[in-house]
Amino acid sequence: MAFFEKTENKLLVFAAVLVCTFICAFYFEPLLSLLHALNRAIYSGYSTGKLIASFAWFTLFALLSAIALKLRLSAKLYKVEKILLALFIALVALGFFLGAFQFQSFASNYKPRWLFATIVYEPSYKNWEASKFYHNHFPKATLYFAEQLFGIDFGQKFDNGRPWFEFLPLAKEYATAYFIIAVLAILLFLAYIFSIANKLSFFDFILASASSLGLIVYMLDGGIAAVPMSSVLFLFSLFLVRRYLTFCKEHLCKAAIALTFALSANLLSIAIFNYYIPANAFQIMVVLFMFAAYVLFFEAKKFFAKQSIAMRNALVLFILLCVLLYSLWVIRGTLEVYLFGKFLVDYSELGYANAMPGAGLFIYGLPAELSKETLAKELQKYGEILELEKTGWTAFARIKPAVRVTDKQITAELRKKFKPNTYLYVQELAPIPTYEAVYVYWPEPTDSRKYLRDRFNDIEVIKRIDKGKETVLIMRAYTGPVWQLLSVLTEIKENGYKGKPLVAK
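Described in the following lines is the structure provided in the data block. Since the structure is predicted, the reported quantities are computational estimates derived from the model, not experimental observations.

### Quick look at the packing of aromatic side chains
And step 1. In this structure the tally under the stated criterion is 51 aromatic pairs.
And step 2. With centroids separated by 6.1 Å and ring planes inclined at 85 degrees, the aromatic side chains of Phe-14 and Phe-205 adopt a geometry described as edge-to-face. Pair noted here: Phe-14 is in helix α1 (residues 7-25) and Phe-205 is in helix α9 (residues 202-220), with a separation of 191 residues, a long-range link. In this pair, the class of Phe-14 matches that of Phe-205, namely buried.
And step 3. Both rings, one in Phe-202 and one in Phe-205, keep their centres 6.4 Å apart while their planes meet at 25 degrees; by these two values the pair is stacked. With a gap of 3 residues between them, Phe-202 and Phe-205 both fall in helix α9, about one helical turn apart.
And step 4. You can call Phe-202 partly exposed: its relative accessible area is 27%.
And step 5. One cation-aromatic arrangement involves Arg-243 over Tyr-244; the distance from NZ or CZ to the ring centre is 5.5 Å.

Dropping the structure here:
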């Protein structure tokens with residue numbers, strides 16, 4: 001066991017376990033689904049690309065940190081430890097500020113719109129992007145900039161931010177700035193970790209790696225207002241408290257101060273950018289789960305070491321145990337959806353007000369040339385098709401389910417059956433009609449009737465108002481705002497529009 005007493009050996013074993021786990025995951029679907037679910041809970045997003053990036057980040061950090069320990073780099077860098085940390089924090093803050101500034105500057109031209117989307121729809125390439133302040137994809141154009149810079153082509157299996165890169169004003173300049181900030185931030189954090197490698201416990205390495213990855217990810221994909229940022233800020237704050245607030249001896253004190261730091265960072269960003277945090281019970285409970293789990297883990301270690309516990313702490317620990325169990329109960333429901341998907345159910349039989357019979361399915365990423373009849377034949381396996389419309393690479397179906405199946409299972413089967421060049425997703429939803437307005441901004445004055453039919457996918461246009469370069473669509477729809485924008489964009493492109501439209505809510 002002496003081998004595991006050295007941190008560098010723990011890091012090497014950790015890296016090896018990660019590599020083996022990742023390889024096994026691609027041969028064992030349940031494991032891959034579990035990793036996707038856990039990764040999505042902290043870093044959000046559906047893509048395999050983000051999962052690959054996460055594993056690469058942890059693996060490389062572990063290997064490089066182990067090498068730094070072997071080479072005793074901390075002896076050369078320890079004098080600039082706090083400078084490196086301060087520069088990293090400043091750069092990350094600058095990246096978040098720039099992303100928020102870019103979004104708010106753009107959105108100010110379209111007040112009071114809050115959600116924007118655009119598309120690149122070509123025979124050999126299809127991708128789209130939607131952005132709101134609470135999940136900002138504008139900085140994601142950096143990925144496409146990096147592809148162009150290094151001559152890399154990841155194909156269409158990953159979302160590379162190209163639609164915003166080709167649409168936004170000064171997109172290349174912003175992408176260049178994000179790229180420089182991200183690269184410098186990564187290098188600075190590596191140097192910082194090297195400077196403290198000889199004092200870094202394995203637990204602190206995990207905290208540092210997980211939180212720094214989250215900061216870089218959300219700087220480029222999500223922004224400061226993304227709700228999952230709370231988890232990342234807590235982890236990073238906990239790392240800093242453990243490292244620098246040495247007067248705080250008790251783990252409850254450390255966790256409480258870290259939670260306060262994380263909330264303070266959120267409040268500061270609210271004050272700067274004048275937004276509100278949308279309620280998200282899942283993400284709030286993830287933070288509370290981390291908080292309670294951290295304290296209880298170390299208190300349990302102390303208990304088993306001493307075989308006793310002070311009575312004055314018993315009530316606090318009982319409360320923390322209740323917080324842990326309750327947060328886990330709330331988290332479990334969302335994690336199950338992330339892991340298994342949502343089962344198709346007949347919402348009209350469940351008593352939902354105004355629900356149409358059956359379950360709604362929104363699909364995107366289908367081969368554009370795939371016929372509606374071929375898709376219908378495939379979907380009939382899951383139940384009676386009550387409604388089906390297909391527009392290009394998108395489709396909407398209403399199905400009365402006859403088998404127990406989830407949207408995630410349908411996604412896997414459609415991918416296997418049709419082998420699309422793009423990523424393909426299916427989302428189950430309640431077919432409850434709502435009346436919505438969508439705003440279309442054209443590069444030049446356009447008659448919307450040339451490119452937008454009165455009926456497509458789940459959308460029925462009740463009224464349209466053409467104002468030259470702007471069209472307002474009053475619609476009845478089943479899907480949520482994001483899918484409505486995608487359907488409108490696809491309809492416009494499928495009907496031959498060559499320009500670059502912007503749609504908004």
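### Considering the layout of surface pockets
And step 1. Of the voids in this model, the second largest pocket is the one considered here, and its volume is about 900 Å³.
And step 2. Sorting the residues of the lining of the second largest pocket by element identifies α1, α2 (29-43), α3 (48-71), α9, α10 (229-244), α12 (281-306) and α13 (311-340) as the ones contributing at least two each.
And step 3. Of the residues forming the lining of the second largest pocket, the biggest block, 6 residues, is contributed by α2.
And step 4. For the lining of the second largest pocket, the class distribution of residues is 25 nonpolar, 2 polar and no charged.

### Details of the sheet that holds strand β2 (residues 126-132)
And step 1. Taken together, 7 strands build an open sheet; the order of strands is β2-β1-β11-β7-β10-β9-β8 and the sheet is antiparallel. The open sheet has two edge strands, β2 and β8 (455-456), and neither has a second partner.
And step 2. Pairing analysis gives 3 bridges linking strand β7 (residues 434-441) to strand β11 (residues 502-504), with the strands arranged antiparallel. Opposite Val-440, over in β11, you have Val-503 as the bridge partner.

### Here's the deal with the sheet that holds strand β4 (residues 383-391)
And step 1. Pairing is antiparallel across the open sheet formed by 4 strands, whose spatial order is β4-β5-β3-β6. A single partner strand is all that each edge strand has here, and the edge strands are β4 and β6 (425-429). Averaged over all pairs of adjacent strands, the angle between their axes in this sheet comes to 20 degrees, without regard to strand direction.
And step 2. In terms of strand pairing, strand β3 (residues 359-364) meets β6 through 5 bridges, oriented antiparallel. Following the sheet pairing, Gly-360 is matched in β6 by Leu-429.
And step 3. Lying over the sheet, helix α15 (residues 407-418) contacts β3 and β6, oriented at roughly 150 degrees with respect to β6.
And step 4. In the packing of helix α16 (residues 481-494) onto the sheet, contacts are made with β3, β4, β5 (394-401) and β6, and the angle to β3 comes to roughly 50 degrees.

### Some details on the pairing of strand β9 (residues 459-466)
And step 1. Across 2 bridges, β8 lies against β9 in antiparallel orientation. For Phe-456, the partnering residue across the bridge sits in β9 and is Ile-459.
And step 2. The antiparallel pairing of β8 with β9 creates a hairpin that spans 2 residues between the two strands, and Asn-457 there sits at a positive phi of about 45 degrees.
And step 3. One ladder, built from 6 bridges, connects β9 with strand β10 (residues 470-477); its direction is antiparallel. Bridging from a neighbouring strand, Glu-460 pairs with Arg-476 of β10.
And step 4. Counting the residues that bridge the hairpin from β9 to β10 gives 3 residues, and of these Gly-468 lies at a positive phi of roughly 75 degrees.

Quick notes on the rules
- Residues numbered from 1 in each chain as written.
- Predicted model: local features only at pLDDT ≥ 70, side-chain atom pairs only at ≥ 80, totals over all residues.
- Heavy atoms only, no water.
- Phe/Tyr/Trp six-rings, centres within 6.5 Å; stacked < 30°, edge-to-face > 60°.
- Helix = DSSP H or I, 4+ residues; strand = E, 2+ residues; numbered from the N terminus.
- Buried < 20%, exposed > 50% of the residue type's maximum accessible area, 1.4 Å probe, protein only.
- Lys NZ or Arg CZ within 6 Å of the ring centre and 35° of its normal.
- 1 Å grid on protein atoms, 1.4 Å probe; cavity = no way out; pocket = protein on both sides within 12 Å on 5 of 7 lines; lining within 4 Å.
- Points joined across faces, edges and corners; volume = space filled by probe spheres on them.
- Nonpolar A, V, L, I, M, F, W, Y, C, P; charged D, E, K, R; others polar.
- Pairing = 2+ DSSP bridges.
- Axes fitted to C-alpha atoms, helices over the stretch in contact; angles between N-to-C directions.
- Contact = heavy atoms within 4.5 Å.

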